[in-house]
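These are the residues of each chain, in order.
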Amino acid sequence: MNSFSRRHRPTAAVLISLAVAAGATACGSGSGGGSDSADSGTYTVWDPYPQFTKGSDWTKLLDKCGTAAGVKIKRTAFDTSDLTNKALLAAQQGNSPDVLIVDNPVVSTLAEAGVLTTTDDNKLDTSKTDPNLLAAGQSGGKTYGTPIGANTLALYYNKKVLKEAGVDVASVKDWASLTAALEKVKKAGKKGITFSAIGTEEGSFQFLPWFWGAGAKLTRLDSAQGESALALWKGWVKSGLAPNSVLNNTQTTSWQEFTTGDYAFAENGTWQLAGAKKSGLDYGVLPIPGASGGNAAAPTGGEFVTLPARDDTGRYPTSQKLATCLTSTQNLYDTDTTLSYVAPTTEVQDKQVAANAELKPWVAAVRTAKGRTSDDLGTKYPKISEQMWKAVQSALSGSKSPKDALTDAQSAVK
């Protein structure tokens, strides 16, 4: 008999209050549906990868893991935000999938709603997982899954633009040297840096490396450190080192600006690697510097493999086998290569770099990255993030000073 039992189902009120989840990274879009099969030999898997259709490497891996566990897999793919709502409703109806793969900021939302089992309960082995990545799936001192991979942010740079401006990228070690490089680029007639400061989670996601790189904490938006990060961005926009378009840029439109070849730098993610190669640009990648040097912590994107709580606890051992198969060393390498993710374990990261040296700066960025819901923020994060992006918008548009924008943001969070 299993050592854990069915958790309480979330009430309708809890479902409504927790359905707002954070997500802003590199997932595809699409829709799908599915329910548990009456066939006990069929196990359901829900994931946020609708871009991978039947016959893809991902679906082949799911089938392979099912075969190894002696069961058939019924897989359904959803858009990231739709998946959260579907998972909450399925839990309410007692019809959760056997394996649920969700964007990492959503884990704490589902955990608080009683949707997920803990790794203590389900016996998923997380001993090899990098602690900074595992933290994104922790809440209240408990762990609710294991990451399948991670993506994060860094600075892409255009080697031609920097060379023409007389900038040695090795000189960029902190905010002062980065700003000096941008000024040289502007003086040479080119454009400085582009990023996304849009009034959504994407804007917060892109601001976080600078916020954390200043030493600020999400529990105190209006600290002097946080103000310095916002003042940096505002200064760049005001002096023309960054375009006014950042106010409306998504990560996609920001990337499109960079691929024109006019910009020296662009803040973007691992998911742009394929596009970078296709662009024809002679580019490099630099981890985002901290205010006084070193690598800033960038937020982690990517998904967690979780096991939802179910009435039929007899299904848990097989579900655990499926999750373990999906996150085994060899399968992580294959999956994360397909997803353009960095693996969540040092062993597989080293293997990725050995196979593709271009991943070295990304692995360095991931190893210092941080989950948005880390520090036990859990479901508090979406509210904090909303006030953060509003503060960024207010400061960059000129309607408020960085100090006033963050002071108002902190008051709204309280």
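The preceding data block contains the structure.
None of the values given here were measured: they were computed from a predicted structure.

1. What about the sheet that holds strand β7 (residues 153-158)?
Hydrogen bonding along the main chain pairs the strands of a sheet, whether they run parallel or antiparallel.
Then step 1. Spatial strand order, β8-β9-β7-β10: four strands in an open sheet with mixed pairing. One side of each edge strand has no neighbouring strand; the edge strands of this open sheet are β8 (191-194) and β10 (283-286). The average undirected angle you get between the axes of adjacent strands in this sheet is 20°.
Then step 2. Against the sheet, helix α11 (residues 251-258) makes contact with β7, β8 and β9 (263-269), and its axis sits at roughly 150° relative to β9, the strand it touches most.

2. Re the packing of aromatic side chains
Then step 1. The full count for this structure, using the stated rule, is 16 aromatic pairs.
Then step 2. When the ring of Tyr 156 is compared with that of Tyr 283, the centres are 6.0 Å apart and the planes differ by 50°; the resulting orientation is tilted. Of this pair, Tyr 156 sits in strand β7 while Tyr 283 sits in strand β10; the two residues are 127 residues apart in sequence, bridging distant segments of the chain. For the pair formed by Tyr 156 and Tyr 283, the shared burial category is buried.
Then step 3. Residues Tyr 156 and Trp 362 carry aromatic rings whose centres are separated by 5.5 Å and whose planes lie at 55° to one another, so their mutual orientation is tilted. With a gap of 206 residues between them, Tyr 156 in strand β7 and Trp 362 in helix α16 (residues 360-367) connect regions that are remote in the sequence. Each member of the pair, Tyr 156 together with Trp 362, is buried.

3. Regarding the side chain of Thr 129
Then step 1. As for its position among the elements, Thr 129 is in the loop between α5 (119-122) and α6 (131-134).
Then step 2. Residues contacting Thr 129, with those up to four places away along its chain left out, are Leu 134, Thr 146, Pro 147, Pro 344 and Thr 345.

4. Details of empty space enclosed by the protein
In this approach a probe as big as a water molecule rolls over the atoms, and the regions it shows empty are the leftover space.
Then step 1. For the structure shown, the criterion picks out two cavities of 30 Å³ or more.
Then step 2. Looking at the largest cavity, its volume works out to about 40 Å³.
Then step 3. What lines the largest cavity is simply Asn 104, Leu 133, Ala 136, Pro 147, Gly 149, Ala 150, Thr 300, Gly 301, Gly 302 and Phe 304.
Then step 4. Put simply, the second largest cavity is a space of about 30 Å³.
Then step 5. In terms of lining, the second largest cavity is formed by Leu 153, Pro 287, Ile 288, Asn 295, Ala 296, Ala 298, Ala 365 and Thr 368.

5. Re the nonpolar core
Nonpolar side chains in soluble globular proteins tend to end up buried together.
Then step 1. Residues Trp 210, Leu 218, Trp 236, Phe 265 and Leu 396 are the most contacted members of the largest nonpolar core, which totals 56 residues.
Then step 2. With seven residues, helix α17 (residues 381-397) is the largest single contributor of residues to this core.
Then step 3. Setting aside its immediate chain neighbours within four residues, Phe 265 contacts Leu 155, Tyr 156, Tyr 157, Leu 162, Val 172, Leu 178, Ala 181, Leu 182, Gly 192, Ile 193, Thr 194 and Phe 258.

6. Here's the deal with helix α14 (residues 329-339)
Then step 1. Turning to α14, its buried residues number three or more, namely Asn 331, Leu 332, Tyr 333, Thr 335, Asp 336 and Leu 339.
Then step 2. Elements that come into contact with the buried residues of α14 comprise α2 (57-69), β6 (146-147), α13 (316-326) and α15 (346-355).
Then step 3. Directly after α14, the chain includes Ser 340, whose backbone phi takes a positive value near 60°.

7. With respect to the pairing of strand β3 (residues 99-103)
Then step 1. Burial analysis of β3 places five of its five residues in the buried class, the great majority of the element.
Then step 2. Inspection of the sheet shows strand β1 (residues 42-47) paired to β3 by two bridges, in the parallel sense. Its bridge partner being in β3, Val 45 is matched across the sheet by Val 99.
Then step 3. Bridge count for β3 against strand β11 (residues 303-306) is four bridges, and the pairing is antiparallel. Residue pairing in the sheet places Ile 101 in a bridge with Val 305 of β11.

Rules and cut-offs
- Residues numbered from 1 in each chain as written.
- Predicted model: local features only at pLDDT ≥ 70, side-chain atom pairs only at ≥ 80, totals over all residues.
- Heavy atoms only, no water.
- Pairing = 2+ DSSP bridges.
- Helix = DSSP H or I, 4+ residues; strand = E, 2+ residues; numbered from the N terminus.
- Axes fitted to C-alpha atoms, helices over the stretch in contact; angles between N-to-C directions.
- Contact = heavy atoms within 4.5 Å.
- Phe/Tyr/Trp six-rings, centres within 6.5 Å; stacked < 30°, edge-to-face > 60°.
- Buried < 20%, exposed > 50% of the residue type's maximum accessible area, 1.4 Å probe, protein only.
- 1 Å grid on protein atoms, 1.4 Å probe; cavity = no way out; pocket = protein on both sides within 12 Å on 5 of 7 lines; lining within 4 Å.
- Points joined across faces, edges and corners; volume = space filled by probe spheres on them.
- Core = buried A, V, L, I, M, F, W, Y, C linked by side-chain atoms within 4.5 Å.

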